[in-house]
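Structural overview for review
What follows is the residue order along each chain.
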Amino acid sequence: MPAVDKLLLEEALQDSPQTRSLLSVFEEDAGTLTEYTNQLLQAMQRVYGAQNEMCLATQQLSKQLLAYEKQHFALGKGDEEVISTLHYFSKVVDELNILHSELAKQLADTMVLPIIQFREKDLTEVSTLKDLFGLASNEHDVSMAKYSRLPKRKENEKLKAEVAKEVANARRKQHLSSLQYYCALNALQYRKRVAMMEPMLGYTRGQINFFKKGAEMFSKRMDSFLSSVSDMVQSIQGELDAEAEKMRVSQQDLIALNESVYTPDSDVTSPAINRNLIQKAGYLNLRNKTGLVTTTWERLYFFTQGGNLMCQPRGAVAGGLIQDLDNCSVMAVDCEDRRYCFQITTPTGKAGITLQAESKKEYEEWICAINNISRQIYLTDNPEAAAIKLNQTALQAVTPITSLGKKHEVHHPSQTIKNMENDKIIPSESGDIQDSTQLIAPGTPIQFDIVLPAMEFLDQNRGGRRANPFGESEDSSKDEEEDSLLQQMFVVRFLGSMAVQSDGTCEVIYEAMRQVLAARAIHNIFRMTESHLMVTSKNLRLIDPQTQVTRTSFELTTVTQFAAHQENRRLIGFVVHLTETLGEESMSAYVFESNTEGEKICYAISLGKEIIEAQKDPEALAQLMKSVPLTNDGKFMLLNDLSEEDGTVHEGGEESEA
């Protein structure tokens, strides 16, 4: 160790300028050492604080590792291995926390404490001795100045002795303080070297001891565990890399798709429509009434589940039932000048919900899917095949079939006779089934709207009196209604009409229904006109629900056949046999969809015909009136449940697209 500089104690009494100059160098060194020691102590205290924080942090880490099992992650399937691994790591962290606590205590005792003692003892002592030396030097200077001013006269000998004694005391005091001060400064040169190395020695030994104990504790039993964890992490990372590459390729493929996938209704002219759907899901706009005349539209996610239409708002865990689709009807509607709107109507005829699709494709697929579900195709063994067969049948129906010989005989309401005694309907024998070409000529045009074009309407009204689209006269007066013994109203929607060649059997009505429905499906015609069908003992009248104006009227005697569909009980049709002005006869079949069962309409028509026949014989009429209940005004009372079931709550005859 090289020698250090020293202050000579022998020169303390003389207190020469050279000694004072050397003293100032020692004092400057002590000041620099004090400043550096304070900075070093701050750094060491920071290390000690960090070690204490490490103890608290590892303790908290151990608790958090154990808390992973209690989080109940929604996607926590397969986390058992992770949980067990984290439990083991928690034990390891607890053991490491013990070592960290021991290291923190060792750093406090061997690193921080020595530097604090050096600052508080040695540096403070030097500073105190410096102050005492400065006071003693000042007292000596004052006494020497006083001694120097003594006069030369002998009579002042006593005063001289006192001043000399005072100088001696001051000089002695200065000498003692300087000796102590010089010794402290000389010792500080050794102590500062010890003070700098001793804390770092304690820090290094503490760290080495920490690592030695950690190695002894974990090196053997942790190697296999860490190796297995490392293998598991690498395996997961490999799966992640493979999945990331797969997602990257999939993302590129999805981005490379045609821009039309982002544009709603991109192919309006010829969209690819799947009409065989028995399930459908997607976003639709739901119409909600907020007041008497105000409405709002809400975009929600809809999906079908069996025979139910479900709705699931965004963010909801599951969907809720919004409409039972069994035996419901669906039709397109004109709603608030919006496109692609359709309405679902309940089997009782009550207006259901109104929805809006975002494109023509979605619009037609939703209508087809709901229509398929309403027929309960999903209950069959193979619903997909049933839906395909149903639509193939519709496609084939535009070409008349060559034979109806394989059709089963069914109950025909038009050929029934009511037994007044036992109140039963007894079916009569069906006639021979005719060939479809004998019933309806191939290529016969079909009229889908009850309102004719403007020019044709004007041609029929050149006589100055308004005529209806079917060439019939205007509606009867109120007096005729009051004179009628039968009045029954049904809510119906006109599907189509066409000329027929025979009215001898109900098969002509079934063939007309088949061709009308098939043509609507093929040509995407969903528009239907809602009307009120008034059945009286004189005629059948179609009345506009809004204006109560009769759209058309048929004398009951001209209705030669009427029947309900064998499967879809809400389909009703009848044949009208008319004689033209030139003596030629014409027959037309009219097909309607009713909000109630078609059998009830057929029963009302049948009763009306019986009344007409009974009016020719007063006794027969009296017998008929006895067998059927009458209202207070003398009219026949029948089908009392229609007021609730036939959907008379419908107000306004909207033209719809179903």
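Residues numbered from 1 in each chain as written. Predicted model: local features only at pLDDT ≥ 70, side-chain atom pairs only at ≥ 80, totals over all residues. Heavy atoms only, no water.

The name given to the protein in an unreviewed UniProt entry is DCC-interacting protein 13-beta, with the source organism recorded as Pipra filicauda.

1. Observations regarding the overall build of the protein
Looking only at helices and strands, the protein features twelve helices and 18 strands. Counting the 658 residues in the protein, one finds 40% classified as buried. Considering only intrachain contacts with a sequence separation of at least 6, the fraction spanning at least 24 residues in the protein is 67%. A total of about 37,800 Å² of accessible surface is found on the protein, and carbon and sulfur atoms cover 54% of it. (Helix = DSSP H or I, 4+ residues; strand = E, 2+ residues; numbered from the N terminus. Buried < 20%, exposed > 50% of the residue type's maximum accessible area, 1.4 Å probe, protein only. Contact = heavy atoms within 4.5 Å. Areas by Shrake-Rupley, 256 points an atom, 1.4 Å probe, with all protein chains shown as cover.)

2. Things to note about the sheet that holds strand 3 (residues 308-312)
A sheet is described by the order of its strands in space; here seven strands give the open sequence 4-3-2-1-7-6-5, paired in antiparallel fashion. Looking at the sheet topology across the chains shown, the edges are occupied by strand 4 (320-324) and strand 5 (329-332). In this sheet, neighbouring strand axes are inclined to one another by 40 degrees on average, regardless of whether the strands run parallel or antiparallel. Across nine bridges, the pairing between strand 1 (residues 281-289) and strand 2 (residues 295-305) is antiparallel. When the sheet's bridge partners are listed, Leu 284 is paired in strand 2 with Leu 300. Contacts from helix 4 (residues 360-374) reach strand 1, strand 2, strand 3, strand 5 and strand 6 (341-345) within the one sheet, and its direction differs from that of strand 6 by about 10 degrees. (Pairing = 2+ DSSP bridges. Axes fitted to C-alpha atoms, helices over the stretch in contact; angles between N-to-C directions.)

3. With respect to the pattern of salt bridges
Taken as a whole and assessed by the stated rule, the structure comprises 19 salt bridges. Here the residues in one salt-bridge network are Lys 280, Lys 361, Glu 362 and Glu 365, joined through shared partners. (Salt bridge = Lys/Arg side-chain N within 4 Å of Asp/Glu carboxyl O.)

4. Quick look at the pairing of strand 2
Between strand 1 and the antiparallel strand that follows it, strand 2, lie five residues. Here five bridges tie strand 2 to strand 3, and the two strands are oriented antiparallel to one another. What sits directly across from Phe 303, in strand 3, is Met 310. Taking the residues between adjacent antiparallel strands as the criterion, strand 2 and strand 3 are bridged by two residues, where Gly 306 takes a positive phi near 65 degrees.

5. Looking at the state of the cysteines
Summed over all chains, the structure comprises zero disulfides. Free of any disulfide, Cys 335 has its nearest neighbouring cysteine sulfur in Cys 341, separated by 5.1 Å. (Disulfide = S-S within 2.5 Å.)

6. Some points on the confidence of the model for the protein
Model confidence for the protein is summarised by a mean pLDDT of 79, while 81% of its residues fall at 70 or above. Mean pLDDT in the protein bottoms out at strand 9 (residues 424-427), which sits at 35, and peaks at strand 15 (residues 559-564), which reaches 93. Residue range residues 397-433 is modelled with pLDDT below 50. Its contacts to residues more than four positions away, or to other chains, number 71 contacts. (pLDDT = per-residue confidence, 0-100.)

7. Comments concerning the nonpolar core
Within the largest apolar cluster, 28 residues are counted, with the highest numbers of intra-cluster contacts made by Val 535, Leu 540, Phe 574 and Phe 592. Looking at this core, the elements with two or more residues in it are strand 11 (487-499), strand 12 (527-536), strand 13 (539-543), strand 15, strand 16 (571-579), strand 17 (585-594) and helix 10 (598-614). Looking at this core, the element that brings in the most residues is helix 10, giving seven residues. Not counting residues up to four positions away in its chain, the partners in contact with Phe 592 are Val 492, Arg 493, Phe 494, Leu 495, Leu 542, Arg 570, Leu 571, Ile 572 and Phe 574. By size, the runner-up hydrophobic cluster in this structure holds 24 residues, among which are Cys 335, Ile 509, Ala 512 and Val 591. (Core = buried A, V, L, I, M, F, W, Y, C linked by side-chain atoms within 4.5 Å.)

8. Things to note about the packing of helix 1 (residues 17-67) against helix 2 (residues 80-148)
At a closest axis distance of 8 Å, the pairing of helix 1 and helix 2 adopts a crossing angle of 160 degrees. Relative to helix 2, the element helix 1 lies roughly antiparallel. Crossing of helix 1 against helix 2: the hand is left-handed. (Parallel < 35°, antiparallel > 145°, perpendicular 65-115°, else oblique. Left-handed = near helix turned anticlockwise from the far one by under 90°.)

9. Structural notes on the packing of aromatic side chains
Enumeration over the complete set of coordinates arrives at 15 aromatic pairs. Ring centres of Tyr 283 and Tyr 301 lie 5.2 Å apart, and the angle between their planes is 75 degrees; this geometry places the pair in the edge-to-face category. Within this pair, whereas Tyr 283 is found in strand 1, its partner Tyr 301 is found in strand 2, the two being separated by 18 residues in sequence. Among the residues examined, Tyr 283 registers a relative accessible area of 31% and is labelled partly exposed. Aromatic pair Phe 554 and Tyr 590: ring centres 5.0 Å apart, planes at 50 degrees, arrangement tilted. Residue Phe 554 is located in strand 14 (residues 550-555), and its partner Tyr 590 is located in strand 17; the two are separated by 36 residues in the primary sequence. A residue is classified by how much of its surface remains accessible, and Tyr 590, at 6% relative accessible area, is buried. One aromatic cluster is present, built from ring pairs that chain together Phe 494, Phe 554, Phe 574, Tyr 590 and Phe 592. Taking the ring centre of Tyr 283 as reference, the NZ or CZ of Arg 299 above it sits at 4.2 Å. (Phe/Tyr/Trp six-rings, centres within 6.5 Å; stacked < 30°, edge-to-face > 60°. Lys NZ or Arg CZ within 6 Å of the ring centre and 35° of its normal.)

10. Some points on unusual backbone geometry
At Asp 15, a residue that is not glycine, the phi angle is positive and equals roughly 50 degrees. By secondary structure assignment, the location of Asp 15 is in the segment before helix 1. Even without being a glycine, His 72 presents a positive backbone phi close to 55 degrees. If you trace the backbone, His 72 turns up in the loop between helix 1 and helix 2.

11. Looking at a nonpolar patch on the surface
Taken together, the side chains of Leu 254, Leu 257, Val 261 and Tyr 262 define a hydrophobic patch exposed on the protein surface, amounting to about 420 Å² of accessible area. Turning to its location among the elements, Tyr 262 is positioned in the loop between helix 3 (157-255) and strand 1. Overall, Tyr 262 belongs to the exposed group, its relative accessible area being 53%. (Patch = residues over 30% accessible without salt bridge, like charges linked within 9 Å, V, L, I, M, F, W, Y side chains within 5 Å.)

12. A few points about the environment of Thr 124
Following the sequence through the fold, Thr 124 ends up in helix 2. The partly exposed category is assigned to Thr 124, whose relative accessible area is 35%. In the structure, Thr 124 is positioned 90 residues away from Thr 34 in sequence and 9.0 Å away in space, judged by C-alpha atoms.

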